[in-house]
Amino acid sequence: MVSSDYGALKVHEVRLRVGALAGVAKDALLFCYDIATADTTLAGSKLVVNEVPVILYCSVCREEKELTDLQRFRCPVCDTPSGDIRQGRDLEIESILIDEYAST
Amino acid sequence: MNTRVLEIRKGVLNKNDELAATLRERFTAAGVIAFNLVSSPGTGKTAFLEKTLRAMREAGLRVAALVGDLETDNDARRLASSGAPVRQINTHRCCHLEAAMIAEHLEGWDLNELDYLFIENVGNLVCPSSYDLGEKLRIAMLSVTEGEDKPLKYPGMFNSADIAVITKMDLAEACDFDRAAAHANIEAVRPGMRIFEVSAKRGMGMAQWIDWLVQLRASADNQRSHLR
């Protein structure tokens, strides 16, 4: 368990980064979190889900662009198709908010 | 006592990704091309694979398969009739295959004796997209009976794939299958993806598919010899 690895006494909050292509439903995750964490060191902690959009690289604009339409993997500015995904599959624990012993 | 924010920056699926990377190295070292076949239940993954294995065996190619299902070994028995080495992975309650299951079920197989490995995933177009199995190519399949807009409904899966295969082409006319729309929808979510159209039952398109597999092997061998 990460929290004990870092010497946490209590975990208040877990921040998760979830990309639009990660295949994770935020509502389902929030719904099961309390049940899944009961009787663990995470019991009573809050799950914060940070949803991030898909970002693709447009070879014509030579820039990363945010995708707003998941049914259309094209540059939103110049409409060039792109398969170069730079962000969107993320499923990452960003940080945890913990209590720890004061260092002496 | 202090309260503080601790940066973690660790992927939830880190462990799977690490195992998959190890598998990919093993496949590459042994010269095995691994494929991960994904689709809805009922698209015809097993029928397609059965004909693929049979044709490849007849052509003298060294091929094996792992097949995932929640329960039963029906699919493994069907595929084994091709004569190729086949193992069933029963996931029980799990809706997708994971890299650890692949590693476990490869035990005892000499990868050096193989040129191709097909991994048939559990029928599901959502969760398997997040689990890397160490494959070289992911094949997303879609049958003409499912509707041309499937890629738009499951962009995460189709976008994660390298190859698309449209199955049951013998039923295309009966289903009023709009071929152009299906191709456009695949192109929309995964620009430039190669598309095969097949009927495993009638054999349509299977020769082109097998030819492509043979060429893939040849170009992989060329690359390997250049690297040496």
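Nothing here was measured: the structure is a model prediction, and the numbers come from that model.

Colleague: So what exactly am I meant to see when it comes to the overall build of chain B here?
Modeller: Helices and strands together make up the secondary structure of chain B, namely 8 helices and 8 strands. For chain B, the C-alpha radius of gyration of 18 Å lies close to 17 Å, the compact-globule estimate for 228 residues. With the C-alpha coordinates aligned to their principal axes, the bounding extent of chain B is approximately 70 × 40 × 40 Å. Across the 228 residues that make up chain B, the buried fraction comes to 53%. Within chain B, counting contacts between residues at least 6 apart in sequence, those at least 24 apart form 73% of the total. Of the roughly 10400 Å² of accessible surface on chain B, a fraction of 48% belongs to carbon and sulfur atoms.

Colleague: What is the right way to look at the interface of chain A and chain B in this model?
Modeller: Interface extent is often summarised as the accessible area lost during association of the parts. Listed as interface residues are 30 residues of chain A and, on the opposing side, 23 residues of chain B. The contact between chain A and chain B buries some 2400 Å² in all, and 56% of this surface belongs to carbon and sulfur atoms. At the boundary of chain A and chain B, one finds 2 salt bridges. The salt bridge partner of Glu92 of chain A is Arg9 of chain B, with a shortest N-O separation of 3.3 Å. Run the count over chain A and chain B and you get 16 residue pairs in polar contact (both at pLDDT 80 or more). The leading source of residues in the side of chain A that touches chain B is strand S6 (residues 91–100) of chain A, at 10 residues. Class assignment of the residues belonging to the side of chain A that touches chain B gives a composition of 17 nonpolar, 7 polar and 6 charged. Judged from the 8 bridges that link them, S6 of chain A and strand S1 (residues 2–11) of chain B form a sheet pairing that is antiparallel.

Colleague: Can you help me understand the domain arrangement of chain A in this one?
Modeller: Residue and element names in this part refer to chain A. By domain assignment, chain A separates into domain 1 (1–53 + 88–104) and domain 2 (54–86). Distance from the C-alpha centre of domain 1 to the C-alpha centre of domain 2: 30 Å. Each partner contributes residues to the interface: domain 1 has 5 residues there, and domain 2 has 6 residues. Three residues, Leu21, Pro53 and Gly88, lead the burial of domain 1 against domain 2; their summed loss comes to 82% of the area buried on that side. There are 0 salt bridges connecting domain 1 and domain 2. Linking domain 1 with domain 2 are 0 residue pairs in polar contact (both at pLDDT 80 or more), by the criterion used here. Classifying every residue of the side of domain 1 that touches domain 2 by side-chain character gives 4 nonpolar, 1 polar and no charged.

Colleague: Which parts of the structure should I look at to understand the packing of aromatic side chains?
Modeller: All names here are of chain B. Inspection of the entire model under this criterion finds 5 aromatic pairs over all chains. Seen in terms of ring centroids, Phe196 and Trp209 are 5.3 Å apart; in terms of plane orientation they differ by 75°. Their pairing is edge-to-face. You can see Phe196 sitting in strand S8 (residues 194–197) and its partner Trp209 sitting in helix H8 (residues 206–227), a full 13 residues away along the chain. With a relative accessible area of 9%, Phe196 lands in the buried category. According to the relative accessible area criterion, Trp209 is buried, its value standing at 0%. Through pairs of rings, three or more aromatic residues link up here, namely Phe48, Phe196, Trp209 and Trp212.

Colleague: Even after reading the chapter, I still don't get the environment of Ala43 of chain A, so can you show me in this structure?
Modeller: All names here are of chain A. Looking at where Ala43 falls in the secondary structure, it is placed in the loop between helix H2 (26–37) and strand S2 (46–52). Ala43 gets classed as partly exposed once you look at its relative accessible area, which sits at 31%. With 29 residues separating them in the primary sequence, Ala43 and Val14 have C-alpha atoms 11 Å apart. Excluding anything up to four places from it in sequence, Ala43 contacts Lys10, Thr37 and Ala38.

Parameters at a glance
Residues numbered from 1 in each chain as written. Chains lettered and ligands numbered in written order. Predicted model: local features only at pLDDT ≥ 70, side-chain atom pairs only at ≥ 80, totals over all residues. Heavy atoms only, no water. Helix = DSSP H or I, 4+ residues; strand = E, 2+ residues; numbered from the N terminus. Rg over C-alpha atoms; globule rule 2.2 N^0.38 Å. Buried < 20%, exposed > 50% of the residue type's maximum accessible area, 1.4 Å probe, protein only. Contact = heavy atoms within 4.5 Å. Areas by Shrake-Rupley, 256 points an atom, 1.4 Å probe, with all protein chains shown as cover. Buried area = accessible area lost by both parts, 1.4 Å probe. Salt bridge = Lys/Arg side-chain N within 4 Å of Asp/Glu carboxyl O. Polar contact = N/O pair within 3.5 Å; in protein donor to acceptor, adjacent residues only side chain to side chain. Nonpolar A, V, L, I, M, F, W, Y, C, P; charged D, E, K, R; others polar. Pairing = 2+ DSSP bridges. Domains from an automatic or database assignment. Phe/Tyr/Trp six-rings, centres within 6.5 Å; stacked < 30°, edge-to-face > 60°.

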